[in-house]
Amino acid sequence: MDFQAGYLRSSIGRKTIVAITGIILFGFVFVHMLGNLQIFQEPDKINTYAEFLHNLGGLLWLARGILIVAFALHVYYALKLSLENKKARPVGYVKESTIQATLSSRYMALTGSVLLAFVIYHLLHFTLGKIQPENFALQETIGDRQRHDVYTMVILGFKNVYVSVSYIVAMTLLAFHLRHGVTSVFQTLGFNTTFWAPKTNAFAILYALTIFIGNVSMPVAILLNFVKVPGAQ
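Just so it is clear, the model here is predicted, and its values are computed rather than measured.

What counts and how
Residues numbered from 1 in each chain as written. Predicted model: local features only at pLDDT ≥ 70, side-chain atom pairs only at ≥ 80, totals over all residues. Heavy atoms only, no water. Helix = DSSP H or I, 4+ residues; strand = E, 2+ residues; numbered from the N terminus. Buried < 20%, exposed > 50% of the residue type's maximum accessible area, 1.4 Å probe, protein only. Contact = heavy atoms within 4.5 Å. Areas by Shrake-Rupley, 256 points an atom, 1.4 Å probe, with all protein chains shown as cover. UniProt positions renumbered as here; feature names shortened; annotations may be inferred. Core = buried A, V, L, I, M, F, W, Y, C linked by side-chain atoms within 4.5 Å. Polar contact = N/O pair within 3.5 Å; in protein donor to acceptor, adjacent residues only side chain to side chain.

**Digging into the overall build of the chain**
Helix and strand counts for the chain come out as 10 helices and two strands. Sequence-ordered secondary structure for the chain, helices as α and strands as β, is α-α-α-α-α-α-α-β-β-α-α-α. When the 233 residues of the chain are sorted by exposure, 33% land in the buried category. At a minimum sequence separation of 6, the contacts of the chain that also span at least 24 residues come to 71%. By element, 69% of the accessible surface of the chain is carried by carbon and sulfur atoms, the whole surface being about 14,300 Å².

This is how it looks when you write it as structure tokens:
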């Protein structure tokens, strides 16, 4: 109770939780992107990768549990800090002088809220198969057994222009969110010195751009027919 009443209720404590959970989520976003980029290889690559993850069983659910807890804590305390900041300054500045470098910081709550909705949609689409279930049900025959055909599912999913556009918009917002989020993590951990600030800022921009380009390249390549189902015209 003392911990809850003290550290967790302090601004520093909440920022630390947001930073730690942010690091977990940043790592997941990067690894998730690398796994998905196997769509540019032969179908067996990403299908084998998906089968490997599925066969992890309990370990996969443990990882999912950690991600869900990290995500929930990150969203809760980030929104709480945002609301507290607005409450502390209920009246806006008479004149706001916003530079490009702080644009992402001004809309963190908004981009975070939209991304939360996108994550739910993304899980319903590619993880739970509640959206386009006919694609989710596709199977690939390997010898005398079958496995989930993730390669075809992803391609057919992104062939839908509305799905691809929504994904690209979400990745744009994610890039803005990451650009400020990564910088904030470094600041919370004490890397906001004159020496480190330019370096952490450059890393945040590079990381956000890497995630954006990597993720957006998939729906774009599929829409342009650079990546397609084998045998399709």
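Following the structure, the description resumes.
**As for the UniProt feature "transmembrane region" (unreviewed entry) in the chain**
What UniProt calls "transmembrane region" (unreviewed entry) maps, in this numbering, to residues 17–39, 59–79, 107–124, 161–182 and 203–227. For residues 17–39, the end-to-end C-alpha separation is 34 Å, with 87% helix and 0% strand making up the annotated structure.

**Notes on the nonpolar core**
Counting residues in each nonpolar core, the largest one holds 34 residues, and the members touching the most others are Ile39 and Val154. With nine residues, helix H9 (residues 161–188) is the single largest residue contributor to this core. The residues touching Val154, leaving out its near neighbours within four places in the chain, are Ile39, Phe126 and Ile222.

**Here's the deal with the side chain of Glu140**
Looking at the secondary structure, you find Glu140 in strand E1 (residues 139–142). Reaching out from Glu140, the side chain makes a polar contact with the side chain of Asn47 at a distance of 3.0 Å. In this view, Glu140 contacts Asn47, Arg145, Gln146, Arg147 and Asp149; residues no more than four positions away in its chain are not counted.

**Side note on the side chain of Ser164**
Residue placement: Ser164 occurs in helix H9. Within the structure, the side chain of Ser164 is placed 2.5 Å from the backbone oxygen of Phe158, a separation counted as a polar contact. Leave out the neighbours within four places in its chain, and Ser164 touches Phe158, Pro219 and Leu223.

**Some remarks on the environment of Val216**
Here Val216 shows up in helix H10 (residues 197–223). Separated by 49 residues in the primary sequence, Val216 and Tyr167 have C-alpha atoms spaced 7.7 Å apart. Residue contacts for Val216: discarding those within four places in its chain leaves Ile168 and Met171.

**What about the environment of Val185?**
Relative to the helices and strands, Val185 resides in helix H9. Given the relative accessible area of 8%, Val185 is considered buried. On a C-alpha basis, the gap between Val185 and Lys15 in space is 8.4 Å, while along the polypeptide they are 170 residues apart. Excluding its chain neighbours within four sequence positions, the residues that come into contact with Val185 are Ala19, Ile23 and Phe26.

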